Amino acid sequence: MKPFRRVSGPVAVLDRTDVDTDQIIPKQFLKRIERTGFGQFLFFDWRLDAAGRPRPDFELNDPDCAGAKILLAGANFGCGSSREHAAWALQDYGFEVVIAPSFGDIFATNCLKIGLVTIVLSQAELRRLMDSISGGTFAEVDLERQLIVDPDGREILFDFDPFQRECLLNGLDDIARSLTHEDALLEYEASHPSRVDTTALGVSAA
């Protein structure tokens, strides 16, 4: 997982509450076995009409949102079913940070596992941030200092779980965290002989 410290880039606003994972990535696209390539299907039913043409009234189809790295969203973002693909699709589309008043718990966990940063702001603070966004404006998110810099230069502090922050800053997913204890794991394995008779299975002990 790539370490995350800060990002500065265009901001997209999706001012909708209770956006569920089925809208983030519809079920018909869950057949892929790769973890990449889901970005093209992000918000598929909202972004495109029945003929596959972009809907001009959908927020992310605004040309000013092109290349957005930061997404501002409404409360309870990522609710619904626990599909990991929702986080994959957002990251594959180009988002590195999602900011909302609240998130679906499993969705937020899935984001952490791939390095997609989810930040909780109060409804009032988020509204003020959304109101500062106009076409093509940039903002900055700094996880090291735990602050957001809005387009007007105003700094907004945010809370973040210390353990999750350290994982993101150092690019540690579940496997990488386990490997930080590799020496202890190897020592444990060496001191506990196998309980399986590998010779009976035709497997070399080496």
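The coordinates are above.
Participant: Explain the packing of helix α3 (residues 85–93) against helix α4 (residues 105–114) to me, using residue names and the numbers behind them.
Facilitator: Where α3 contacts α4, the axes come no closer than 8 Å and their chain directions differ by 50°. In terms of axis orientation, α3 runs oblique to α4. Along this stretch, α3 crosses α4, giving a crossing that reads as right-handed. Along the contact surface, α3 presents Ala-86, Ala-87, Trp-88, Leu-90 and Gln-91, while α4 presents Phe-107, Asn-110, Cys-111 and Ile-114. Taken together, the residues of the contact of α3 with α4 sort by class into 7 nonpolar, 2 polar and no charged.

Participant: Explain the nonpolar core to me, using residue names and the numbers behind them.
Facilitator: Core analysis: the largest hydrophobic core is formed by 31 residues, its most contacted members being Phe-43, Phe-77 and Leu-90. Apart from the residues lying within four places of it in its own chain, the contact partners of Phe-77 are Leu-14, Val-19, Ile-24, Phe-43, Leu-71, Leu-90, Val-98, Ala-100, Ser-102, Phe-103, Gly-104 and Phe-107. Counting 24 residues, the second largest nonpolar core, distinct from the first, contains Ile-70, Ile-133, Ile-148 and Leu-168.

Participant: Can you break down unusual backbone geometry residue by residue, with the values?
Facilitator: When glycine is set aside, most residues are seen to have a negative phi, and most peptide bonds are trans. A positive phi angle, close to 65°, is found at Asn-76, a residue other than glycine. Relative to the helices and strands, Asn-76 resides in the loop between β2 (70–73) and α3. Judged by relative accessible area, Asn-76 falls into the partly exposed class, the value being 27%. Unusually for a residue other than glycine, Gln-146 sits at a positive phi of about 55°. Note on Gln-146: relative accessible area 21%, which makes it partly exposed.

Participant: I'd like a rundown of the layout of surface pockets, residues and numbers included.
Facilitator: The volume enclosed by the largest pocket comes to roughly 190 Å³. Around the largest pocket sit 15 residues that line it, and Ala-108, Thr-118, Val-120, Phe-160 and Gln-164 are the ones nearest its centre. Looking at the lining of the largest pocket, the elements with two or more residues in it are α4, β4 (117–120) and α6 (162–170). By residue class, the composition of the lining of the largest pocket is 10 nonpolar, 3 polar and 2 charged.

Participant: Residues and numbers for the pairing of strand β3 (residues 97–100), please.
Facilitator: Burial along β3 is two-sided: the face carrying Val-97 and Ile-99 and the face carrying Val-98 and Ala-100 are both buried. Where β2 and β3 come together, 3 bridges link them in parallel fashion. Looking at β3, one finds that Leu-72 is bridged to Ile-99. Here β3 pairs with β4 via 4 bridges, running parallel. The partner of Ile-99 across the bridge, within β4, is Ile-119.

Thresholds, definitions, all that
Sequence positions are assigned chain by chain, starting from 1 and proceeding in written order. With the structure being a predicted model, the display of local features is reserved for residues of pLDDT at least 70 and the display and counting of side-chain atom pairs for 80 or more, all residues being used for whole-chain, interface and lining totals. Only heavy atoms go into the side-chain values, all of them from the structure, while hydrogens and water stay out. An axis is simply a line fitted to the C-alpha atoms; with a helix, the fit covers only the stretch in contact. Between two such axes, the angle follows the N-to-C directions and lies from 0 to 180 degrees. A run of H or I in DSSP becomes a helix once it reaches four residues, and a run of E becomes a strand once it reaches two; helices and strands are each numbered from the N terminus. In this scheme, roughly parallel covers angles under 35 degrees and roughly antiparallel covers those over 145, while 65 to 115 is roughly perpendicular and the rest are oblique. In a left-handed crossing the near helix is turned counterclockwise from the far helix by less than a right angle, and in a right-handed crossing that turn is clockwise. In what follows, a contact means two residues having at least one pair of non-hydrogen atoms within 4.5 Å. Under the convention adopted here, Pro, Cys and the residues Ala, Val, Leu, Ile, Met, Phe, Trp and Tyr are nonpolar, Asp, Glu, Lys and Arg are charged, and Gly plus all remaining residues are polar. The definition of a nonpolar core used throughout is a set of buried Ala, Val, Leu, Ile, Met, Phe, Trp, Tyr and Cys residues joined through side-chain atoms within 4.5 Å. Here the term buried applies to any residue with accessible area under 20% of the maximum for its type, exposed to any over 50%, and partly exposed to those in between, with areas from a 1.4 Å probe on protein chains only. Using only the protein atoms, space was sampled on a 1 Å grid; points where a 1.4 Å probe fits but cannot get out form cavities, open sets with protein on both sides within 12 Å along at least five of seven lines form pockets, and lining residues are those with an atom within 4 Å of a point. Grid points are joined across faces, edges and corners, and a volume is the space filled by probe spheres set on the points. Pairing between strands is defined by DSSP: at least two bridges between them are needed.

Geometry only, nothing functional implied.
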